[in-house]
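Structural overview
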Amino acid sequence: MNMNMKILMVLTFTLLFVFCTNKNNPYKTEHKSAIKTKFKTWQKKQIEKGIYLDSIRCSWSYFQDNDPEMTSLLPTIGFPEDSLLVYHYGYINDDAILDAIVVYNLVACDGAAALNYAQNEIIVLSNSKQEYKIKEDYFEKIRNKIGFGNLYLDSINNEKAFATYQDYLEDDPRCCPSIIKSIEINLMTDKYIIK
């Protein structure tokens, strides 16, 4: 077999492999884009309602540099910059359309430490019409059943979420919680296992 024929065969198999891999990619670009658009629309509404501040105004310097009468009317919790949003993609329900859990740390806009490294998780869930809806309180319900500490979503896989739960004993410094547990949550049944 001559060299040209070998090169042609390698190129053919490479193109075939790339085509098949992209065709079967479970994380389709259009679904990721639709998920991000849905989350950004929800985020904008939260800011408009006065629940959160946008990442530009949510800073200690903004609160210090502006009139206290004006800033006292603003929410003191804000969204982080977009680059700090984490999208965990996966198939959460049974419609075979990509879903996601968007994770972000809450920001104390006025510099207060009361949030104590709190994380928020928003589910962007598909339906059979390929539309997306937001579920805000899913993880809050789980968190309330477990305790008063912080829940940190690490990953999702096969309709399960894997998280770390941290809580403080009375004498613990804010940097160092004594209670650290692994949690596995079945996203279809809302049941969880503490390990």
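Further up the page is the structure itself.
Here is a short report on the structure shown in this document. Being a predicted model, the structure only gives us computed values, none of them experimental. (Residues numbered from 1 in each chain as written. Predicted model: local features only at pLDDT ≥ 70, side-chain atom pairs only at ≥ 80, totals over all residues. Heavy atoms only, no water.)

Details of the layout of surface pockets
Gaps between atoms show up when a probe of the same size as a water molecule is rolled over them. Rules: Residues are said to line a cavity or pocket when one of their atoms sits within 4 Å of a point; the points come from a 1 Å grid over protein atoms alone, cavities being sets where a 1.4 Å probe fits but cannot get out and pockets being open sets with protein on both sides within 12 Å along at least five of seven lines. Grid points are joined across faces, edges and corners, and a volume is the space filled by probe spheres set on the points. A run of DSSP states H or I qualifies as a helix once it reaches four residues; a run of E qualifies as a strand once it reaches two. Both are numbered from the N-terminal end. Under the convention adopted here, Pro, Cys and the residues Ala, Val, Leu, Ile, Met, Phe, Trp and Tyr are nonpolar, Asp, Glu, Lys and Arg are charged, and Gly plus all remaining residues are polar.
Estimated volume of the largest pocket: approximately 330 Å³. Leu106, Gln119, Asn120, Glu140 and Arg143 are, among the 17 residues lining the largest pocket, the residues nearest its centre. The set of elements that each furnish at least two residues to the lining of the largest pocket consists of α2 (29-48), β5 (119-126), α5 (138-146) and β7 (150-157). Residue contributions to the lining of the largest pocket peak at four residues, all from β5. Estimated volume of the second largest pocket: approximately 200 Å³. Contributing to the lining of the second largest pocket are 13 residues, with Ile123, Lys135, Tyr138, Leu187 and Asp190 lying nearest its centre. Ranked by the residues each element gives to the lining of the second largest pocket, the list is headed by α5, at four residues. Of the residues contributing to the lining of the second largest pocket, the split by class is seven nonpolar, one polar and five charged.

Re the state of the cysteines
Convention followed: Disulfides are defined as cysteine sulfur pairs within 2.5 Å.
What the rule picks out here adds up to two disulfides. Here Cys58 connects covalently by a disulfide to Cys109, the sulfurs 2.0 Å from one another. Sign of the S-S torsion, about -100 degrees for the bond between Cys58 and Cys109, identifies this disulfide as left-handed. A residue pair is termed long-range when its members are at least 10 positions apart, and Cys58 in the loop between α2 and α3 (60-65) and Cys109 in the loop between β4 (107-108) and β5 qualify at 51 residues.

All we've got here are geometric facts, nothing functional implied.
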